[in-house]
Amino acid sequence: MPTSNAGLISKAAAVYAKDFRLELRSRYSLNAILMFAVTTLAVVSFSLGQSGLSPKLLSALFWIVLFFSAMSGLAHVFIREEETGTALILRLKADPDAVYLGKLLINFSLLSVMTVVITPIFFIFTDAGGQYVLPFVPILILGVVGLCSATTLVAAIIARASMKTALFAALSFPILMPLLLALVSASEKALGGQGLSACWSELQALVAYAVVMITGSLMLFKFVWQE
Amino acid sequence: MDGNYVAMTVTIVVWAGLFLFLLRLDRKVRKLEGRWR
Amino acid sequence: MIWKLLIFILMTAVIVLSFTTPAPQQAIGEASRIMYYHVPMAWISVLAFAMSMVYSIQYLRGRQLSYDERALDAARLGFVFCVLAAISGSVFARVAWGSFWNWDPRETSIFVLLLIYGAYFALRGAVEEEDRRAALTAVYSIFAFLTVPFLVFVMPRIMPSLHPADSVVDATISITMGPTVGLILLASLVLFTSLFLWVFYIAVRIRRLQRSDLKKED
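Owing to the predicted nature of the structure, the values given are computational and were not obtained by experimental measurement.

**Student:** So what exactly am I meant to see when it comes to helix α4 (residues 76-84) of chain A here?
**Tutor:** Counting along an α-helix, one turn takes 3.6 residues, and residues three or four places apart therefore face a common direction. Residues and elements named next belong to chain A. Among all positions in α4, only His76, Val77, Phe78 and Glu81 are buried. Each element contacted by the buried residues of α4 is listed here: α1 (8-26), α2 (28-48), α3 (55-73), α5 (87-93), α6 (96-126) and α7 (133-159). Just downstream of α4 lies Gly85, where phi reads positive at about 85°.

**Student:** Please clarify how the packing of helix α2 (residues 35-62) of chain C against helix α5 (residues 130-145) of chain C should be interpreted in this entry.
**Tutor:** Working note: a packed helix pair is described by the angle between its axes plus the distance between those axes. All names here are of chain C. The interhelical angle for the contact between α2 and α5, taken along N-to-C directions, is 130°, at an axis separation of 9 Å. Accordingly, the angle class assigned to the pair α2 and α5 is oblique. Between α2 and α5 lies a crossing of left-handed hand. Here Phe49, Ala50, Ser52, Met53, Ser56, Ile57, Tyr59 and Leu60 of α2 come into contact with α5, specifically with Ala134, Ala135, Ala138, Ser141, Ile142 and Phe145. Per-class residue counts for the contact of α2 with α5 are 11 nonpolar, three polar and no charged.

**Student:** Explanation requested: the packing of helix α1 (residues 2-33) of chain B against helix α8 (residues 179-217) of chain C in the structure shown.
**Tutor:** At their nearest, the axes of α1 of chain B and α8 of chain C sit 10 Å apart, and the two run at 30° to each other. Comparing their axes, α8 of chain C and α1 of chain B come out roughly parallel. For the pair α1 of chain B and α8 of chain C, the sense of crossing is left-handed. On α8 of chain C, the residues touching Leu22, Leu25, Asp26, Val29, Leu32 and Glu33 of chain B of α1 of chain B are Trp198, Val199, Ile202, Arg205, Ile206 and Leu209 of chain C. Class assignment of the residues belonging to the contact of α1 of chain B with α8 of chain C gives a composition of nine nonpolar, no polar and three charged.

**Student:** What exactly am I supposed to notice about the arrangement of the chains here?
**Tutor:** By contact count, the leading pair among the two pairs of chains in contact is chains A and C. Looking at chain A next to chain B, you find no contact at all, with the nearest C-alpha pair sitting 32 Å apart.

**Student:** I keep staring at the interface of chain A and chain C and nothing clicks. Help me out?
**Tutor:** Many authors give the size of an interface as the accessible area that is lost as the parts come together. Listed by partner, the interface residues are 26 residues for chain A and 26 residues for chain C. Listed by contribution, the elements that provide at least two residues to the side of chain A that touches chain C are α7, α8 (164-191) and α9 (200-225) of chain A. Residue contributions to the side of chain A that touches chain C peak at 11 residues, all from α8 of chain A. Among the residues making up the side of chain A that touches chain C, the classes are represented as 20 nonpolar, four polar and two charged.

What counts, and at which threshold
Residues numbered from 1 in each chain as written. Chains lettered and ligands numbered in written order. Predicted model: local features only at pLDDT ≥ 70, side-chain atom pairs only at ≥ 80, totals over all residues. Buried ≥ 20, exposed ≤ 12 C-beta atoms within 10 Å, placed from the backbone. Helix = DSSP H or I, 4+ residues; strand = E, 2+ residues; numbered from the N terminus. Contact = placed C-beta atoms within 7 Å. Axes fitted to C-alpha atoms, helices over the stretch in contact; angles between N-to-C directions. Parallel < 35°, antiparallel > 145°, perpendicular 65-115°, else oblique. Left-handed = near helix turned anticlockwise from the far one by under 90°. Nonpolar A, V, L, I, M, F, W, Y, C, P; charged D, E, K, R; others polar.

Rendered as structure tokens:
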């Protein structure tokens, strides 16, 4: 662990590196998220078939899959610390801001990997139209950023409560509503062939959302983290 | 106009009931605080 | 005290006026009178949540449990008004626009607010220890409040033409705001707020009594 004189970035990097190595070894969270996403996608695709899935439906389905996959895996970063007992040491030695940033980045990595895997599968299963992938990507990125920016703090909160997993979804959903609404609206336009220019207000909202959530989380995290 | 009259009366009755309840609650609290005459 | 009497008289006057003056929105008809009650209730559910958030901030600063108690009391009251607002809005939607729920921006906002309240109470129930419960719920309350501006200002811009509902609501508030309607609505808002603050103050006094009771036992 770097000394307290080291910069915030390197401390956050250390937190990230530790979790990254852990994840690489067990792939516990990644497996959970991926399996959930693939399964849900398969069930949906199987039941609905390919006939005339409107952009609205496709968009909603995609983000439902992503949302629930996030719910299944993004709380592990903190729950694992509490359950294995390493949380105490982390609390004593690390700067709360660094812990938050490190955890945020791990969640971002997890979600990104999942998205990279799921999106092609999604386009294949639903035949959504490969020509729409390119305008879809920025929305995807902003969506992933938005998802982890809002849920990382909530994950920290529920890690210190009981009934963790159920609580995680209950607490996250209202906060994620504006994000999901903007994402679904923008994706609908992108998948419908209207291009990114039609989604301008949504994109602005998405960026604003991520900025507000991360800033708020940074300011509030230490109250959750410290006893 | 009739329907409105009924609705209005019901609303006033409900409001009066709520208000009296709050008044009683307020008095109980004031008794406990020792500020009731 | 005089102000309580004033509240009673004025509120009764508002109720009478709300039913005797011409309906605020002619296109919708008599049902639009609900507006005089629904709007204040929705306003208070947001106000109460904002109050709860402010008390949460004060708790995080000073760590005094009295702030946590007030945050909880404000949230409880706000929740009641939120449920009432959602129900009155839903009834109005059914009469005016045909269906109980449309997911128009404002309906969505009140729904999200309900969920936030619910989540807040769920979290409170999930943490045993007093101080940790106060801290965690305070953080959640503040964090959740950050999304409110998005719901109120950003969402209506993103979902404009999905439903006629919002344009009608805006029309109701801006165009048909003849002086009588505006005045009655304003009076209703002020009176509902006074009512809310009165009940909240009673709650504060009850808490104070409970605390002094505990101190006497020491």
